[in-house]
Each structure stands twice: as C-alpha cells, then as structure tokens.
Amino acid sequence: MFRIRRRQSAKLAGRWFRQERWYVVPVTAALFALGTMGCREAERREPQVDEPPAKEVTARAGPYAMGPGTLYRTRHGEPEAVGALPGIGVATDTLVECGARVPELGQARFSRLRPSPDAGRAAWATTGLGTCVGVIGPAEPPVHVLGYWSSAATDSLLWAPAGAYLAVWLVHHGQRRSLWLYDALQGVRLEMPWEFDCKYVGDCDVERVDWLGGSLLNVEIRLGPAEGSVPFEVNVEATASLDMREEM
C-alpha cells in the first residue's frame, strides 16, 4: 500500500511540475517580449541629435549654422532657429526690416556665413535681387542687421584680424563695386575717407581690399575707367560712425 501511494504521489508531482513548467515558459517569453518592446519604445523616445537636420544646413561656423532660409544658434547643446527670411516663419526674428527695403528678399536665400577670427560671432548675407547683411552672435537678440541694398549683391564678407570690424564688398550694376565698413560689435557703419570722393562719381569702383593687421585696412579705388588707382590706408578703429544702413 505504501509503495502504491508513493508511486501515485510521484506521478502527481511529475504532472504538477510539467503543468507548472508549461505555464512558466510562456510567462517568461511574454515578460522578455514586453522588456524588448519597452527598450524599443525607449529608443524611439530618445532625444534627437542636438543640431538642425543635415538636409537643411548649407554652412556651419562654430556654434552657428545656416540653411537656405534660416539661421541657427546652438546653446546648451540645443539648436534654435534665431533668424529667418520673410515668410519662413520658424524664428521670431524674420528679418522684417530687410524685407521692407528689399522686395525680392522673400525669394532669396542665405548665401554666406563667415566666422569672426575669435569665433564669437559670424557674418551672414543673402543672395538674390538685392541683399541683406548682418551678424549672428551670443548676445540677445542674436541676429543684427548691418545693412541692406535693393540693387546690389554681396561679393565678399571680410573680417578684420581684430575680429570687431567687418568689410562688406558689394557688386552693383555694370560690375561696379563699393565697400562698406562696420563696427560689428556696436552694429554701426563707419565713415571711410574715399566715400567723399565717390559720392558724386557714378563710375567709382573699389578695386582692391586688404586687411593689413588689427584694424588697419588698405583699399584702392578708381574714379573712372580712364582714371588711375588711388590707394587709401585707414585705421578703421579711429573713424567716425554713421547712422546709415542702406546705400543712398
């Protein structure tokens, strides 16, 4: 009798073990699947890479980036759109000031982004029929307009070695060139000595521009096709400022 009961107990124990094992295997698999799904969900919820989408960036300069219609600044590891052409609508500063003076600016794009020597800021310009030029930097507001021209294009943006001054070389109809100098820190235009000579001369052309070091600038102008070159050497740090942004 004792052996029979022992055998029956053994059979019942084996049956219970098989049943328990049958339940344990699916439960374990289910828990594993849930854990895997949770990991995948966590992966999907991870923050995006802290920079603007690569397809929207056409140039970079330190913490600044430029897209066809937007200027970006990276702060605390996060990108933010801080400037945009009229109609883009992705930034609070939509360069309305430029758009009011340059009618075609809404169909333009940002074409240049030049870092300053100390990389603390960058100069930008638009292209198209007319141009707008400014700087982007760490201060608030981050975007400042320096100048706008309704019938000129930007040839070059040239930072002084000292980093505080920016020369804007423009091309006008007939390939005539002019040069505007700015104190990029103060956001004002600086008066240059050749401007008086060029004021009443329609063919005045700025032929050459070179920064010699610090704030010393070397410029050559020509008052007409048949005229010889006239050199100017200017310490822009010692020049007066003008409250003008648009070429007259």
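Look a little higher up for the structure.
Quantities reported herein were computed from a predicted structural model and do not represent experimental measurements. Counting from 1, residues in each chain are numbered in the order their sequence is written. This being a predicted model, a pLDDT of at least 70 is required before a residue's local features are given, and a value of 80 or more before pairs of side-chain atoms are given or counted; all residues contribute to the totals for chains, interfaces and linings. To get the side-chain values, take all heavy atoms of the structure and skip hydrogens and water.

Caption draft 1: The arrangement of unusual backbone geometry in detail. Note that the residue after Glu140, namely Pro141, is joined by a cis bond; omega there is -5°. Position of Pro141 among the secondary structure elements: in the loop between β7 (131-136) and β8 (143-149). For His76, which is not a glycine, the phi torsion comes out positive at approximately 55°. Labels follow the DSSP assignment, with helices taken as runs of H or I lasting at least four residues and strands as runs of E lasting at least two, numbered in each case from the N terminus. By the secondary structure assignment, His76 is in the loop between β3 (70-75) and β4 (78-84). Of note in the backbone geometry, Leu95 takes a positive phi value of approximately 55° without being a glycine. Exposure categories follow from relative accessible area, calculated using a 1.4 Å probe and restricted to protein chains: below 20% of the type maximum is buried, above 50% is exposed, and the middle band is partly exposed. The exposure class assigned to Leu95 is buried, which follows from its relative accessible area of 2%.

Caption draft 2: Examining the pairing of strand β11 (residues 177-183) more closely. Taking burial as the measure, the 7 residues of β11 include 6 buried ones, the bulk of the element. At least two bridges found by DSSP between two strands are what make those strands a pair. Sheet topology note: the strand β10 (residues 165-171)/β11 ladder contains 7 bridges and is antiparallel. Among the inter-strand pairings, Val168 is bridged to a residue of β11, identified as Trp180. Of the pairings in the sheet, the one linking β11 to strand β12 (residues 188-190) comprises 3 bridges and is antiparallel in character. Looking at the pairing, Tyr182 lines up with Arg189 of β12. Linkage of β11 to β12, two consecutive antiparallel strands, is achieved through a turn of 4 residues, within which Gly187 is found at a positive phi near 75°.

Caption draft 3: Focus on the state of the cysteines. Whenever a pair of cysteine sulfur atoms sits within 2.5 Å, that pair is classed as a disulfide. Scanning all chains against the criterion turns up 2 disulfides. Across a sulfur-sulfur distance of 1.8 Å, Cys98 and Cys132 are joined as a disulfide pair. A residue pair is termed long-range when its members are at least 10 positions apart, and Cys98 in helix α2 (residues 96-101) and Cys132 in strand β7 qualify at 34 residues. Here Cys98 and Cys132 have matching classes, each one buried. The disulfide that involves Cys198 links it to Cys204, with 1.8 Å between the sulfurs. On the accessibility criterion, Cys198 (16% relative accessible area) is buried.

Caption draft 4: Representation of the sheet that holds β3. The sheet built from 4 strands is open, its strands ordered β1-β2-β3-β4 with antiparallel pairing. Edge positions in the sheet fall to β1 (59-61) and β4, since each of these pairs with one other strand and no more. Adjacent strand axes in the sheet meet at a mean angle of 25° when their direction is disregarded. The pairing of strand β2 (residues 64-66) with β3 spans 3 bridges and is antiparallel. Residue pairing in the sheet places Ala65 in a bridge with Tyr72 of β3. A fitted line through C-alpha atoms represents every axis, and for helices the fit uses only the stretch in contact; the resulting angles, taken between N-to-C directions, go from 0 to 180 degrees.

Caption draft 5: Geometry of the pattern of salt bridges. What counts as a salt bridge is simple: a side-chain nitrogen of Lys or Arg found within 4 Å of a carboxyl oxygen of Asp or Glu. Summed over the entire model, instances satisfying the criterion amount to 9 salt bridges. In this structure, the salt-bridge partner of Glu220 is Arg208, at a minimum N-O distance of 2.9 Å. Taken together, the residues Glu220 in strand β14 (residues 216-222) and Arg208 in strand β13 (residues 205-213) connect sequence positions 12 residues apart. Here the salt bridges do not stand alone but share partners, grouping Arg73, Arg75, Glu80 and Glu140 into one network.

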